[in-house]
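Chain by chain, the residues:
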Amino acid sequence: MSAPTGNGLPLLQVRDLATHFTTRAGVGKAVDGVSFDVHAGEIIGLVGESGSGKSVTGYSILGLIDPPGRIDAGSVRLDGQELIGLSRSKLRALRGKRIAMVFQDPMSTLNPVLKVSRQMALALQAHGSPSPDEIRRRSLEALAKVGIPDPERRLASYPHELSGGMRQRVAIAIAFLNNPDLVICDEPTTALDVSIQAQILVEMKTLVREAGVSLIWISHDLATVSVLAKRLLVMYAGRLIEEGLTADVLRRPRHPYTQGLIDSLPSRAEPGRDLVQIPGSAPSLFALPAGCAFQARCTHATAICDTAPDQTRDGTRTWRCHNPLGPLADRRAGTTA
Amino acid sequence: MLAFILQRLMQAFVVMMVISALVFTGVYAVGNPIDVLISPDVTQQIREQTIKAYGFDQPLWRQYLTFLQRLAVGDFGRSFVYNMPVLSLILSRLPATLEITLAAVLGATLIGIPLGMYAGYAPDSFLSKVIMVVSVLGFSVPTFWIGLLLIFTFAVNLGVLPAGGRGETVSIWGVEWSFLTLNGLTHMFLPSLNLALFKLSLMIRLSRAGTREIMLTDTVRFARAAGESEATILGRHILRLIAIPLVTVFGLEFGSTLAFAVVTETIFSWPGVGKLIIDSISTLDRPVMVAYLMLVALLFIVINLTVDIAYVALDPRLRARKTT
Amino acid sequence: MSVPVSAPGPVTRSPFRMFLGEFMESRVSVAAVIVLVAIILLAVAAPLITPQNPYDLASLVLSDARRPPGYVGAKGFTHWLGTDAQGRDLYSAILYGLQISLQIGLMAGAIAFSLGAGLGTLAGFVGGRLETLIMRIIDLQLSFPAILLALVLAALLGQGKWQLIAALVTAQYAYFARTAHGAATAERSKDYVEAALSTPLSLGRVAFRHVLPNCLPPLIVVATVQIANSIALEATLSFLGLGMPVSEPSLGMLIANGFQYMLSGRYWISIYPGVALIALIVVINLVGDQIRDQLNPRLKR
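Residues numbered from 1 in each chain as written. Chains lettered and ligands numbered in written order. Predicted model: local features only at pLDDT ≥ 70, side-chain atom pairs only at ≥ 80, totals over all residues. Heavy atoms only, no water.

K.L.:
Help me understand the overall build of chain A, please; the structure alone is not making it clear to me.
P.N.:
Along its length, chain A carries twelve helices and twelve strands. Seen through its principal axes, chain A has C-alpha atoms that stretch 65 × 50 × 45 Å. Each charge sign in chain A was given a centre, from 38 positive and 33 negative side chains, and these centres are 3 Å apart. (Helix = DSSP H or I, 4+ residues; strand = E, 2+ residues; numbered from the N terminus. Lys, Arg positive; Asp, Glu negative; His and termini not counted. Charge placed at Lys NZ, Arg CZ, Asp CG, Glu CD.)

What follows is the structure in structure tokens.
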């Protein structure tokens with residue numbers, strides 16, 4: 001159970017985060033000045049296409065960036081404590097204990113040659129010296145919590161003996177083992193069957209609510225994210241371009257890209273007609289244009305878009321656009337189902 | 001699992017038969033075996049008698065069958081040069097070879113794997129670069145040259161270690177072992193070191209390559225995200241994962257080390273099986289050649305089988321497939 | 001409504017140039033290549049830059065034997081690296097020896113490559129019983145240490161350059177075959193092969209013109225290892241007396257000849273040829289290492 005922060009500060013504060021990759025092909029600005037907050041017990045969704053920098057943002061929070069990547073600027077505060085620049089041992093003490101992470105492909109995140117019990121034990125032993133009995137008890141508890149039937153048998157299994165959905169549940173169980181305050185999930189259901197996806201989404205919602213943890217759900221799939229998240233953050237080309245309550249963003253998107261994302265959802269498609277696509281493709285992170293990154297594909301672009309837009313704020317809503325969608329979008333929202 | 005082992009044993013038997021045929025034909029068909037046994041200036045009569053006695057007048061396939069028959073009762077024939085049963089000849093020299101081979105293999109593994117893992121873990125550190133350069137040298141420099149260098153440095157220049165020979169031995173169960181005496185150990189040191197260097201380099205390079213690859217995987221990232229210490233990651237995750245390819249190479253290289261003992265034993269005048277084969281090749285002592293080659297083949301087959309079993313034991317993913 | 005314009009991407013270079021660029025970044029590798037080229041040039045130019053032909057027994061002066069470096073011989077030129085037991089100028093002998101090592105190493109490597117890769121690709125591509133038969137033989141051979149194989153063959157075939165090459169090829173083609181087989185099997189199940197086979201192209205053409213080029217990276221990796229191995233193996237065989245004839249000594253034989261003099265202080269007879277041999281093998285391995293690292297897809301970040 002995470003204790004509510006007594007001083008009213010958000011649990012996580014990210015300010016102007018910049019993570020760059022320096023390679024032979026140039027400097028890739030994977031995350032280029034991203035700022036947001038996560039409050040205790042809140043579920044936020046981080047949405048964007050591949051290459052938008054959403055996963056790198058997640059890794060940056062935990063300090064899991066390997067060279068040639070590096071966090072070049074910005075601040076990440078957990079309960080007021082600055083994480084960037086923290087010593088290795090202090091960072092390690094936080095990982096798994098206060099912030100945990102679940103990755104996309106459980107087949108590659110779980111060690112194929114170690115039993116599930118062993119992997120859970122290692123995660124528990126990373127933050128304390130529990131007795132073997134306690135390890136077993138807590139492991140079984142965690143497995144039961146994520147909805148794994150017959151946890152004893154699963155505990156003694158190897159990862160390849162479990163189904164994809166089961167494996168991901170194990171990974172989620174490991175993440176929740178040490179009762180973290182914040183869990184970051186990077187595309188956790190993308191590699192799974194659609195039916196399993198739905199199950200896990202529902203289970204996550206319950207799990208998060210019962211444990212009172214905060215969740216950052218990273219995905220490219222707007223549909224799944226909107227089921228879970230209370231707040232939505234949209235990223236494009238390394239920048240945060242829109243933010244707000246989920247319902248708000250979906251009904252009244254301000255950024256043309258967000259509108260494009262919503263329009264291209266299969267559920268929005270009209271039967272018999274072509275699926276809507278956003279024309280063109282995202283710019284390379286090694287050669288970001290000087291102005292708005294979306295300009296080349298935007299139907300609303302004007303001359304002013306040659307300069308990078310600042311963030312506009314309106315209550316809980318923010319967006320980064322010189323020509324945001326306004327009353328026109330509101331009207332359209334009123335007529336769609 | 002049992003069916004798997006039986007199948008492999010059957011295959012091994014077939015392979016041994018094929019090898020025995022190949023080896024026998026190769027060795028006996030080239031040149032004239034009789035020339036080794038008798039001097040060229042004996043009378044024609046004695047010559048023909050000896051040929052008959054040894055069965056060299058028979059067609060090759062008949063000789064081979066006779067050979068197989070004798071083999072079935074464990075008789076490898078008699079050495080042309082030493083005039084004693086080949087099997088006991090080989091067995092008497094085996095302990096010496098085993099000593100340096102085992103010492104070399106153990107040393108190379110116990111030192112090589114940690115060094116290689118470190119080099120893979122921190123590839124840009126100065127120590128890593130030193131380790132890699134040294135491993136390239138150990139890997140590319142031919143064994144005989146290193147042996148020479150070792151003798152040159154330690155025996156000739158520094159004079160601290162003997163330049164050859166076996167030294168004192170202690171007899172256990174009728175077998176002579178030299179590692180139990182200090183004098184024996186000083187004699188053992190250089191040849192073992194010589195043999196070990198190649199394998200050491202190999203172990204370092206493989207451990208390094210494996211560690212580097214695994215360090216970039218999600219498994220390590222996930223473990224880090226859970227807060228596991230670097231020591232845990234190296235010792236529990238990476239070591240287990242690289243053990244699989246390492247064991248394979250370890251097994252195969254054991255046989256190769258045994259083969260390289262040939263060169264080392266020649267340089268250091270170490271009275272092992274390797275020196276025996278070199279001598280028997282230059283004197284064309286055919287029964288010894290055939291027996292040695294077949295025993296080496298057998299050894300390799302046994303090693304391969306052991307490695308295969310170890311592979312299945314180490315990688316749980318293979319167990320499911322093997323038992324179906 | 002504005003027309004969407006695609007943003008310009010970064011300048012792309014051909015894969016080969018990127019490969020070369022990455023290669024140039026490693027100072028060790030560049031240094032190794034320079035040394036390698038220097039050695040090759042020296043070896044090729046040997047007849048032109050040496051004062052003596054070490055294979056010409058008539059040109060050897062026996063009274064000049066076992067002389068230390070710097071000695072001025074009877075013929076009037078300085079033996080910069082000394083002389084060996086037969087009176088050969090070591091400098092000349094080393095260069096000629098390098099020539100032989102390179103010749104044999106490259107020839108054996110090239111033949112083993114062609115034979116092995118061809119066989120392996122054929123087996124992997126054709127499949128069925130032919131594949132099983134070929135691969136069984138290859139596996140059999142691979143389970144046997146190359147040095148023993150080469151040893152026995154060299155002993156049976158006798159001394160001489162081509163016998164040596166034959167022994168080396170027999171010992172090494174199996175590595176190429178197995179790698180080619182693995183790569184061909186992986187490629188065989190890919191879509192482009194099926195597409196190619198559905199055209200009127202013959203099986204052989206598809207195998208060698210389409211599949212083989214895609215199998216090249218792992219084969220190149222094996223080749224770099226095997227060339228260095230060939231040279232080392234040849235030296236070892238010669239050292240043991242089974243390689244080149246005494247009149248045409250390769251580096252291994254020079255080293256062997258000098259072995260007995262080492263204990264009496266006349267180290268140069270073994271050491272200098274040894275240094276030359278090591279230099280050659282080490283630089284080939286260093287270059288090979290770099291190529292290998294660059295071609296390994298699993299190390300790409």
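K.L.:
Help me understand the sheet that holds strand β9 (residues 231-236) of chain A in this model?
P.N.:
Across a sheet, paired strands are connected by hydrogen bonds in the backbone, their directions being either parallel or antiparallel. All names here are of chain A. On the basis of which strands lie adjacent, the open sheet formed by eight strands has the order β6-β7-β8-β3-β9-β10-β12-β11 and mixed pairing. Pairing within the sheet leaves two strands with one partner each, and these edge strands are β6 (99-102) and β11 (312-314). Here the strands of the sheet are splayed against their neighbours by 20 degrees on average, with no regard to which way each runs. Sheet analysis places β6 next to strand β7 (residues 182-186), joined by four bridges and oriented parallel. Across the sheet, the residue bridging to Ile99 is Leu182, located in β7. (Pairing = 2+ DSSP bridges. Axes fitted to C-alpha atoms, helices over the stretch in contact; angles between N-to-C directions.)

K.L.:
What's the story with the pattern of salt bridges in this structure? I'm lost.
P.N.:
Any two side chains of opposite charge can pair, given that their charged atoms come close. All names here are of chain A. This model, assessed by the stated rule, comprises 19 salt bridges over all chains. Ionic pairing is found between Glu134 and Arg138, a salt bridge with its closest N-O pair at 3.5 Å. Residue Glu134 and its partner Arg138 are located together in helix α5 (residues 132-145), separated by four residues, close to a single helical turn. A salt bridge links Asp248 to Arg252, with the shortest nitrogen-to-oxygen separation between them at 2.9 Å. Taking relative accessible area as the criterion, Asp248 reaches 17% and is therefore assigned buried. Given the relative accessible area of 31%, Arg252 is considered partly exposed. (Salt bridge = Lys/Arg side-chain N within 4 Å of Asp/Glu carboxyl O. Buried < 20%, exposed > 50% of the residue type's maximum accessible area, 1.4 Å probe, protein only.)

K.L.:
Before we go on, may I ask you to explain the packing of aromatic side chains in this structure?
P.N.:
The way to describe two aromatic rings as a pair is by their centre distance and the angle between their planes. Throughout the structure, instances matching the rule amount to seven aromatic pairs over all chains. Consider the rings of A:Tyr236 and A:Phe294, whose centres lie 5.2 Å apart with planes at 90 degrees: the pair is edge-to-face. With A:Tyr236 in strand β9 and A:Phe294 in the loop between α11 (256-263) and β11, the pair connects residues that are 58 residues apart, well separated along the chain. A relative accessible area of 2% means that A:Tyr236 is categorised as buried. On the accessibility criterion, A:Phe294 (3% relative accessible area) is buried. Counting every residue linked through ring pairs, the aromatic cluster contains A:Tyr59, A:Phe103 and B:Phe222. A cation over an aromatic ring shows up here: B:Arg221 above the ring of A:Tyr59, its NZ or CZ 4.2 Å from the ring centre. (Phe/Tyr/Trp six-rings, centres within 6.5 Å; stacked < 30°, edge-to-face > 60°. Lys NZ or Arg CZ within 6 Å of the ring centre and 35° of its normal.)

K.L.:
I keep staring at the interface of chain C and chain B and nothing clicks. Help me out?
P.N.:
Where the parts come together, the accessible area they lose is often given as the size of the interface. With 40 residues of chain C at the interface, the matching set in chain B holds 39 residues. Summed over both sides, the interface of chain C with chain B buries roughly 3,600 Å², with 82% coming from carbon and sulfur. Counting every contact that joins chain C to chain B gives zero salt bridges. Where chain C meets chain B, there are zero residue pairs in polar contact (both at pLDDT 80 or more). Per-element tally for the side of chain C that touches chain B: the top contributor is helix α11 (residues 268-295) of chain C, with 13 residues. Residue classes in the side of chain C that touches chain B are distributed as 27 nonpolar, seven polar and six charged. (Contact = heavy atoms within 4.5 Å. Buried area = accessible area lost by both parts, 1.4 Å probe. Polar contact = N/O pair within 3.5 Å; in protein donor to acceptor, adjacent residues only side chain to side chain. Nonpolar A, V, L, I, M, F, W, Y, C, P; charged D, E, K, R; others polar.)

K.L.:
Quick question: what am I supposed to make of the packing of helix α6 (residues 126-140) of chain B against α11(C) here?
P.N.:
Helix-helix packing: each pair is described by the crossing angle between the helix axes and the interaxial distance. In the contact formed by α6(B) and α11(C), the axes pass within 9 Å of each other and the chain directions differ by 120 degrees. On the basis of their axis angle, the class for α6(B) and α11(C) is oblique. In the packing of α6(B) onto α11(C), the handedness of the crossing is right-handed. Of the residues in α11(C), those in contact with B:Val136, B:Leu137, B:Phe139 and B:Ser140 of α6(B) are C:Ile281, C:Val282, C:Asn285, C:Leu286 and C:Asp289. Across the contact of α6(B) with α11(C), the residue classes tally to six nonpolar, two polar and one charged. (Parallel < 35°, antiparallel > 145°, perpendicular 65-115°, else oblique. Left-handed = near helix turned anticlockwise from the far one by under 90°.)

K.L.:
I keep staring at unusual backbone geometry and nothing clicks. Help me out?
P.N.:
Among all residues except glycine, the phi angle is most often negative; among peptide bonds, the trans geometry is most common. In this structure, A:Pro68 follows A:Pro67 across a cis peptide bond, with omega equal to 10 degrees. Summarising the element assignment, A:Pro68 is placed in the loop between α1 (54-62) and β4 (69-78). A positive phi angle, close to 55 degrees, is found at A:Asn179, a residue other than glycine. Under the relative-accessibility criterion, A:Asn179 is labelled partly exposed at 44%. Although it is not a glycine, B:Ser269 adopts a positive phi angle of roughly 50 degrees.

K.L.:
Teacher, can you tell me more about the interface of chain A and chain B here?
P.N.:
The interface of chain A with chain B comprises 28 residues on the first partner and 22 residues on the second. Summed over both partners, the interface of chain A with chain B buries about 2,300 Å², with 62% contributed by carbon and sulfur atoms. Taken together, the connections running from chain A to chain B amount to one salt bridge. With its nearest N and O atoms 4.0 Å apart, the salt bridge here joins B:Arg224 to A:Asp66. Linking chain A with chain B are nine residue pairs in polar contact (both at pLDDT 80 or more). Residue assignment for the side of chain A that touches chain B shows that the elements contributing at least two residues are α1, α2 (88-94), β6, α3 (106-109), α4 (116-125) and α7 (164-176) of chain A. It is α4(A) that contributes the most residues to the side of chain A that touches chain B, four residues altogether. Residue composition of the side of chain A that touches chain B, by class: 16 nonpolar, seven polar and five charged.

K.L.:
Would you mind going over the packing of helix α7 (residues 143-157) of chain B against helix α10 (residues 251-262) of chain C with me for this structure?
P.N.:
At a closest axis distance of 11 Å, the pairing of α7(B) and α10(C) adopts a crossing angle of 20 degrees. One way to sum up the angle between α7(B) and α10(C) is to call them roughly parallel. At the point where α7(B) passes α10(C), the crossing takes the left-handed sense. Judged by residue contacts, B:Phe144, B:Trp145, B:Leu148, B:Ile151, B:Phe152 and B:Val156 of α7(B) engage C:Gly252, C:Ile255, C:Phe259 and C:Met262 from α10(C). Along the lines of polarity and charge, the residues of the contact of α7(B) with α10(C) split into nine nonpolar, one polar and no charged.

K.L.:
I would appreciate a short explanation of a nonpolar patch on the surface in the present structure.
P.N.:
All names here are of chain B. On the surface, Phe13, Val14, Met17, Val18 and Leu22 cluster together into a nonpolar patch covering about 480 Å² of accessible area. Here Leu22 lies in helix α1 (residues 2-29). Accessibility expressed as a relative area gives 56% for Leu22, which makes it exposed. (Patch = residues over 30% accessible without salt bridge, like charges linked within 9 Å, V, L, I, M, F, W, Y side chains within 5 Å. Areas by Shrake-Rupley, 256 points an atom, 1.4 Å probe, with all protein chains shown as cover.)

K.L.:
What should I look at first to understand the nonpolar core in this one?
P.N.:
Within soluble globular proteins, side chains that are nonpolar tend to cluster in buried spots. If you look at the biggest cluster of nonpolar residues, it comprises 137 residues, and the most contacted ones within it are B:Phe144, B:Tyr292, C:Leu98 and C:Leu151. With residues near it in sequence (within four places) discarded, B:Tyr292 still touches B:Ile90, B:Val262, B:Val273, B:Gly274, B:Ile277 and C:Leu148. Counting 95 residues, the second-largest nonpolar core is a separate cluster that includes A:Ile43, A:Leu62, A:Ile148 and A:Ile200. (Core = buried A, V, L, I, M, F, W, Y, C linked by side-chain atoms within 4.5 Å.)

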